[in-house]
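Next come the chains, spelled out residue by residue.
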Amino acid sequence: MGRLRRSRVHKAQRDVHRAARTRARTRDLDQIQLIDLDPKNREKLESQPLDFEKPGLAQHYCVECAKYYESDHALQSHWKSKVHKRRCKALKEPAYTIEEGERAAGLGREKKKPSSISQTAKEVEMG
């Protein structure tokens, strides 16, 4: 009779999970909005000098997705893809600011109007 043991498929392999977490990340949306989409920076990114370390010698770069492509044909087909169109749609929304993040966490300053109950309590104490 054969073995009845279950196969172990990456269940407890720490390196597999770590590799997924530390994969090469692209730039975040707020970085692209604030830095890369600026007309001066965009022109520099689209016309980069030859770099032998990057795909396509750094000549075919999508600014919105922050990715290099091997050829002009690959870049043209990327521009027509759903991935690129979704990214462009997400970039049209304004980026979160630090103040907005603090308000969401409950740390920001909110202009609170005193409620009528607290005003009546103060009037009773004073009067």
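Residues numbered from 1 in each chain as written. Predicted model: local features only at pLDDT ≥ 70, side-chain atom pairs only at ≥ 80, totals over all residues. Heavy atoms only, no water.

Draft legend 1. Here's a closer look at the layout of surface pockets. There is about 160 Å³ of room inside the largest pocket. In this structure, the largest pocket is lined by Leu29, Asp30, Gln33, Ala90, Glu93, Pro94, Ala95, Tyr96 and Glu100. Element by element, the count of residues in the lining of the largest pocket is highest for helix H2 (residues 29-36), at three residues. Its residues assigned to classes, the lining of the largest pocket comprises five nonpolar, one polar and three charged. (1 Å grid on protein atoms, 1.4 Å probe; cavity = no way out; pocket = protein on both sides within 12 Å on 5 of 7 lines; lining within 4 Å. Points joined across faces, edges and corners; volume = space filled by probe spheres on them. Helix = DSSP H or I, 4+ residues; strand = E, 2+ residues; numbered from the N terminus. Nonpolar A, V, L, I, M, F, W, Y, C, P; charged D, E, K, R; others polar.)

Draft legend 2. The arrangement of the packing of H2 against helix H5 (residues 82-92) in detail. With their axes 10 Å apart at the nearest point, H2 and H5 run at an angle of 70 degrees to one another. Overall, the two elements H2 and H5 adopt an arrangement that is roughly perpendicular. Contacts from Leu29, Ile32 and Gln33 of H2 reach H5 at Arg87, Ala90, Leu91 and Lys92. Its residues assigned to classes, the contact of H2 with H5 comprises four nonpolar, one polar and two charged. (Axes fitted to C-alpha atoms, helices over the stretch in contact; angles between N-to-C directions. Parallel < 35°, antiparallel > 145°, perpendicular 65-115°, else oblique. Contact = heavy atoms within 4.5 Å.)

Draft legend 3. Up close: H2. Within the span of H2, buried status applies to Ile32, Gln33 and Asp36. Seen from one end, H2 has its buried residues packed into an arc of 125 degrees, which puts them on one side. Tucked inside the fold, the buried residues of H2 contact helix H3 (39-46), strand E1 (61-62) and H5. (Buried < 20%, exposed > 50% of the residue type's maximum accessible area, 1.4 Å probe, protein only. Arc of directions from axis to C-beta.)

Draft legend 4. Inspection of the environment of Cys88 at higher detail. Within the secondary structure layout, Cys88 lies in helix H5. On the basis of relative accessible area, Cys88 is assigned to the partly exposed category, the value being 22%. C-alpha separation for the pair Cys88 and Cys65, spaced 23 residues apart in sequence, amounts to 8.2 Å.

Draft legend 5. Structural detail: a nonpolar patch on the surface. On the surface, Leu50, Phe52 and Leu57 cluster together to form a nonpolar patch covering roughly 340 Å² of accessible area. Positionally, Phe52 belongs in the loop between H3 and E1. Given the relative accessible area of 69%, Phe52 is considered exposed. (Patch = residues over 30% accessible without salt bridge, like charges linked within 9 Å, V, L, I, M, F, W, Y side chains within 5 Å. Areas by Shrake-Rupley, 256 points an atom, 1.4 Å probe, with all protein chains shown as cover. Salt bridge = Lys/Arg side-chain N within 4 Å of Asp/Glu carboxyl O.)

Draft legend 6. A look at the environment of Gln31. Within the secondary structure layout, Gln31 lies in helix H2. Judged by relative accessible area, which is 33%, Gln31 ranks as partly exposed. Only 3.0 Å separates the side chain of Gln31 from the backbone nitrogen of Asp28, close enough to count as a polar contact. (Polar contact = N/O pair within 3.5 Å; in protein donor to acceptor, adjacent residues only side chain to side chain.)

Draft legend 7. Focus on the pattern of salt bridges. The tally for this structure, following the rule as stated, stands at four salt bridges. For Arg42, the salt bridge identified is with Glu46, shortest N-O distance 3.1 Å. Of the two residues, Arg42 and Glu46 both sit in helix H3, four residues apart, roughly one turn of that helix. The salt bridge partner of Asp51 is Lys54, with a shortest N-O separation of 3.6 Å. A relative accessible area of 24% means that Asp51 is categorised as partly exposed.

Draft legend 8. Layout of the side chain of His60. On the secondary structure map, His60 appears in the loop between H3 and E1. With sequence-adjacent residues up to four places away left out, His60 is seen in contact with Lys67, Tyr68, Tyr69, Glu70, Ser71, Asp72 and Leu75.

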